[in-house]
Amino acid sequence: AQRVTQPEKLLSVFKGAPVELKCNYSYSGSPELFWYVQYSRQRLQLLLRHISRESIKGFTADLNKGETSFHLKKPFAQEEDSAMYYCALSDPGAGSYQLTFGKGTKLSVIP
Amino acid sequence: DVKVTQSSRYLVKRTGEKVFLECVQDMDHENMFWYRQDPGLGLRLIYFSYDVKMKEKGDIPEGYSVSREKKERFSLILESASTNQTSMYLCASSLASYNSPLHFGNGTRLTVT
């Protein structure tokens with residue numbers, strides 16, 4: 001079965017510093033990978049997905065199949081980036097639409 | 001813009017009560033999901049549905065059931081609430097595509113006393 005690991009429960013960085021939120025997955029096929037974000041008192045929402053290869057709010061994520069990773073990066077953290085971040089994987093090979101989520105990383109940007 | 005609406009933001013129930021959590025989406029999405037969100041455990045899938053009257057168990061279905069009589073509505077039922085079901089419950093919907101994002105509701109914080 002697929003698994004998503006986010007090794008850091010909490011990550012604190014200073015404003016203006018680079019940010020990297022780690023995500024590793026275990027899956028034998030070609031996964032669909034996503035990052036979701038939940039700001040304080042807001043609903044969980046999609047941040048970006050690997051198939052789009054886009055940058056959202058300055059964040060990017062590259063799928064590294066060799067290392068089975070999908071780390072989320074931003075060169076300069078902003079205070080408004082403070083939130084809970086979840087990495088998620090969908091499993092086309094299983095013919096199922098369900099997403100498997102990691103346990104999440106809380107990002108705190110210190111002013 | 002997709003809207004997923006959960007009927008209650010906060011709910012307090014007693015142990016043993018039957019509890020209904022309702023979710024409605026307005027974008028004609030085929031898939032609907034129920035997750036519970038707990039600190040340190042992330043999101044865990046309870047049940048999902050890919051069509052009317054269809055349902056599949058997720059990772060933690062014990063103690064829960066679901067109902068999908070209409071495409072836009074997906075209900076989560078706690079047959080006999082217990083204190084270990086105190087949690088934040090999130091409903092989501094998506095199109096029937098593997099790279100289609102999930103659209104979440106605001107969540108229902110359920111407390112079972």
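Read on for a plain summary of the structure. All residue numbers here refer to positions counted from 1 along the written sequence of the relevant chain. All chains are assigned letters beginning with A, and all ligands numbers beginning with 1, in the order in which they are written. Totals for whole chains, interfaces and linings use all residues, but because this is a predicted model, local features are given only for residues with pLDDT of at least 70 and pairs of side-chain atoms are given and counted only at 80 or more. The side-chain figures draw on all heavy atoms in the structure; neither hydrogens nor water molecules are used.

We now examine the state of the cysteines. Residues and elements named next belong to chain A. Any two cysteine sulfur atoms within 2.5 Å of one another count as a disulfide. Summed over all chains, the structure comprises 2 disulfides over all chains. Between the sulfur atoms of Cys23 and its disulfide mate Cys87 the distance is 2.0 Å. In this structure the cystine formed by Cys23 and Cys87 twists about its S-S bond by roughly -65 degrees; its chirality is therefore left-handed. Of the two residues, Cys23 sits in the loop between strand 3 (19-21) and strand 4 (24-26) while Cys87 sits in strand 9 (residues 83-90), which places them 64 residues apart along the sequence. Where helices and strands are cited, they refer to DSSP runs of H or I of at least four residues and of E of at least two residues respectively, numbered from the N terminus.

Here we come to the environment of B:Asp38. Residue and element names in this part refer to chain B. Considering the arrangement of structural elements, one finds Asp38 in strand 4 (residues 31-38). Considered as a pair, Asp38 and Ser67 are 29 residues apart in the sequence and their alpha carbons are 23 Å apart. Here, residues are in contact when the closest pair of their heavy atoms is within 4.5 Å. Beyond its immediate stretch of four places on either side in the chain, Asp38 contacts Arg44, Thr86 and Ser87.

Between chain B and chain A, the contact holds 23 residues from the first and 21 residues from the second. Between chain B and chain A lies a buried interface of about 2,100 Å² when both sides are counted; carbon and sulfur atoms form 56% of it. For any pair of parts, buried area is found by adding up, for both, the accessible area (1.4 Å probe) each one loses once the two are put together. By the criterion of area lost to chain A, the three top residues of chain B are B:Tyr98, B:Asn99 and B:Phe104, representing 32% of everything that side buries. Any Lys or Arg side-chain nitrogen found within 4 Å of a carboxyl oxygen on Asp or Glu counts as a salt bridge. The tally of links from chain B across to chain A stands at 0 salt bridges. Throughout this description, a polar contact denotes any pair of N or O atoms lying within 3.5 Å of each other; where both atoms belong to protein, one of them has to be capable of donating a hydrogen while the other can accept it, and for residues adjacent in sequence the pair is counted only when both atoms sit in side chains. Along the contact surface separating chain B from chain A lie 7 residue pairs in polar contact (both at pLDDT 80 or more). Taken together, the elements giving at least two residues each to the side of chain B that touches chain A come down to strand 4 and strand 5 (42-49) of chain B. Tallied by class, residues from the side of chain B that touches chain A come to 13 nonpolar, 9 polar and 1 charged. Put simply, Ala, Val, Leu, Ile, Met, Phe, Trp, Tyr, Cys and Pro go in the nonpolar bin, Asp, Glu, Lys and Arg in the charged bin, and everything else, Gly too, in the polar bin.

Let us look at unusual backbone geometry. Most peptide bonds are trans, and most residues other than glycine sit at a negative phi. Even without being a glycine, A:Arg41 presents a positive backbone phi close to 60 degrees. For A:Arg41, the location among the structural elements is in the loop between strand 5 (32-38) and strand 6 (45-49). At B:Asp28, a position not held by glycine, the phi torsion is positive, near 60 degrees. Here B:Asp28 lies in the loop between strand 3 (19-25) and strand 4.

Attention now goes to the side chain of B:Thr108. With respect to the secondary-structure elements, B:Thr108 resides in strand 11 (residues 108-112). Only protein chains enter the area calculation, which uses a 1.4 Å probe; residues under 20% of their type maximum are buried, those over 50% are exposed, and those in between are partly exposed. Overall, the relative accessible area of 1% leaves B:Thr108 in the buried class.

The next subject is the nonpolar core. A general trend in soluble globular proteins is that nonpolar side chains are found buried together. A:Trp35, A:Leu47, A:Leu48, A:Phe70, A:Leu72 and A:Tyr85 are the most contacted members of the largest nonpolar core, which has 25 residues in total. When residues of this core are traced back to their parent elements, those giving at least two are strand 2 (10-14), strand 3, strand 5, strand 6, strand 9 and strand 11 (105-110) of chain A. Among the elements that make up this core, the one with the highest residue count is strand 9 of chain A (4 residues). Residues contacting A:Leu48, with those up to four places away along its chain left out, are A:Phe34, A:Trp35, A:Glu54, A:Ile56, A:Phe59, A:Thr60, A:Ala61, A:Phe70 and A:Leu72. The next biggest cluster of nonpolar side chains, apart from the first, holds 20 residues, and it includes B:Val19, B:Leu21, B:Tyr47 and B:Tyr64. Here the nonpolar core consists of buried residues drawn from Ala, Val, Leu, Ile, Met, Phe, Trp, Tyr and Cys, with membership extended through side-chain atoms lying within 4.5 Å.

All told, the structure shown has 8 salt bridges over all chains when counted by the stated rule. Between B:Arg44 and B:Asp38 there is a salt bridge; the shortest N-O distance is 2.9 Å. Classification of B:Asp38 by relative accessible area gives buried; the value is 10%. Connected through salt bridges with shared partners, the residues A:Glu20, A:Lys22 and A:Lys73 form a single ionic network.

Note on ring pairs: Phe, Tyr and Trp rings are taken, using the six-membered ring of Trp, and paired if centres are within 6.5 Å. Classes follow the plane angle, with under 30 degrees stacked, over 60 edge-to-face and the rest tilted. Following the criterion strictly, the structure yields 11 aromatic pairs over all chains and no others. Our definition puts a charge over a ring when NZ of Lys or CZ of Arg is within 6 Å of the ring centre and also within 35 degrees of the ring normal. Directly above the ring of B:Tyr10 sits B:Arg9, whose terminal nitrogen or CZ lies 5.8 Å from the centroid.

On to the environment of B:Glu22, then. All names here are of chain B. Counting through the fold element by element, Glu22 comes out in strand 3. With a relative accessible area of 22%, Glu22 lands in the partly exposed category. Between the C-alpha atoms of Glu22 and Thr108, which are 86 residues apart in sequence, the distance is 9.4 Å. For Glu22, the residues in contact, after removing those within four places along its chain, are Thr5, Gln6, Ser7, Trp34, Arg73, Phe74 and Ser75. Among the polar contacts listed, one links the side chain of Glu22 to the side chain of Ser75, at a separation of 2.5 Å.

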